[in-house]
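Letter by letter, the chains look like this.
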Amino acid sequence: SGDSFINYLTAARIQKAKDLMGRPQRLYIKDIAVLTGFKDPFYFSRIFRSITGVSPTDYMERRESKGYEA
């Protein structure tokens, strides 16, 4: 696909994070970060925002209130 392995891995991790955010039980951002392979929740939040355009917290709130998908 032309992407580097790191870009592919990061995109896969963010997609997994979005899947975890869609589960009925609400997880903390720090737990989602760890479950998706990020050691630092602040770094995870920065990368998540750069890919999706919104923070993880905003994404979760929008998804819960409006059925948001990004």
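The numbers attached to residues start from 1 for each chain and follow its sequence in the written order. A pLDDT threshold of at least 70 governs which residues receive local features in this predicted model, and a stricter bar of 80 or more applies before side-chain atom pairs are shown or counted, although totals over entire chains, interfaces and linings include all residues. For the side-chain quantities, the full set of heavy atoms in the structure was used; hydrogens and water were omitted.

### As for helix α4 (residues 56-66)
So, step 1. Among the residues making up α4, those that are buried are Pro-56, Tyr-59 and Met-60. Along the axis of α4, the buried residues cluster in a sector spanning 95°; they form a single face. Seen from the buried face of α4, the exposed residues on the opposite side, beyond 90 degrees, are Ser-65 and Lys-66. Exposed residues in this analysis have more than 50% of their type's maximum accessible area, buried residues have under 20%, and partly exposed residues fall in between, with area computed by a 1.4 Å probe over protein chains only. A helix here means a DSSP run of H or I that spans at least four residues, while a strand means a run of E at least two residues long, and both kinds are numbered starting from the N terminus. Summarising the geometry, the arc corresponds to the directions from the helix axis toward the C-beta atoms.

### Side note on the packing of helix α1 (residues 5-21) against helix α3 (residues 41-52)
So, step 1. For helices, the fitted axis covers only the stretch in contact; all axes are lines through C-alpha atoms, and the angles between them, taken along N-to-C directions, range from 0 to 180 degrees. For the pair α1 and α3, interaxial distance at closest approach is 11 Å and the crossing angle is 95°. It follows from the interaxial angle that α1 and α3 lie roughly perpendicular. Only Phe-44, Ile-47, Phe-48, Ile-51 and Thr-52 of α3 make contact with α1, whose side of the interface consists of Thr-10, Ile-14, Ala-17, Lys-18 and Met-21.
So, step 2. Residues are grouped as follows: Ala, Val, Leu, Ile, Met, Phe, Trp, Tyr, Cys and Pro are nonpolar; Asp, Glu, Lys and Arg are charged; all remaining types, including Gly, are polar. When grouped by side-chain class, the residues that make up the contact of α1 with α3 number 7 nonpolar, 2 polar and 1 charged. Just so you know how the angles are binned, under 35 degrees is roughly parallel, over 145 roughly antiparallel, 65 to 115 roughly perpendicular, and the rest oblique. The contact criterion used throughout is that any non-hydrogen atoms of two residues lie within 4.5 Å.

### Remarks on the packing of aromatic side chains
So, step 1. Note on aromatic contacts: the rings of Phe and Tyr and the six-membered ring of Trp form a pair at centre separations within 6.5 Å, being stacked when their planes are under 30 degrees apart, edge-to-face when over 60 apart, and tilted otherwise. Within this structure, the stated rule accounts for 4 aromatic pairs.
So, step 2. Here the aromatic rings of Phe-38 and Tyr-43 are separated by 6.0 Å at their centres, their planes lie at 50°, and the arrangement is tilted.
So, step 3. Take Phe-38: its relative accessible area is 6%, and that puts it in the buried class.
So, step 4. Three or more aromatic residues joined by ring pairs form one cluster here, namely Phe-38, Tyr-43, Phe-44, Phe-48 and Tyr-59.
So, step 5. The ring centre of Phe-38 lies 5.6 Å from the NZ or CZ of Arg-13, which sits over that ring.
So, step 6. For the cation-ring pair, Lys-30 lies above Tyr-28, with the distance from its terminal atom to the ring centre recorded as 5.9 Å. Counted as over-ring charges are cases with an Arg CZ or a Lys NZ within 6 Å of the ring centre that also lie within 35 degrees of the ring normal.

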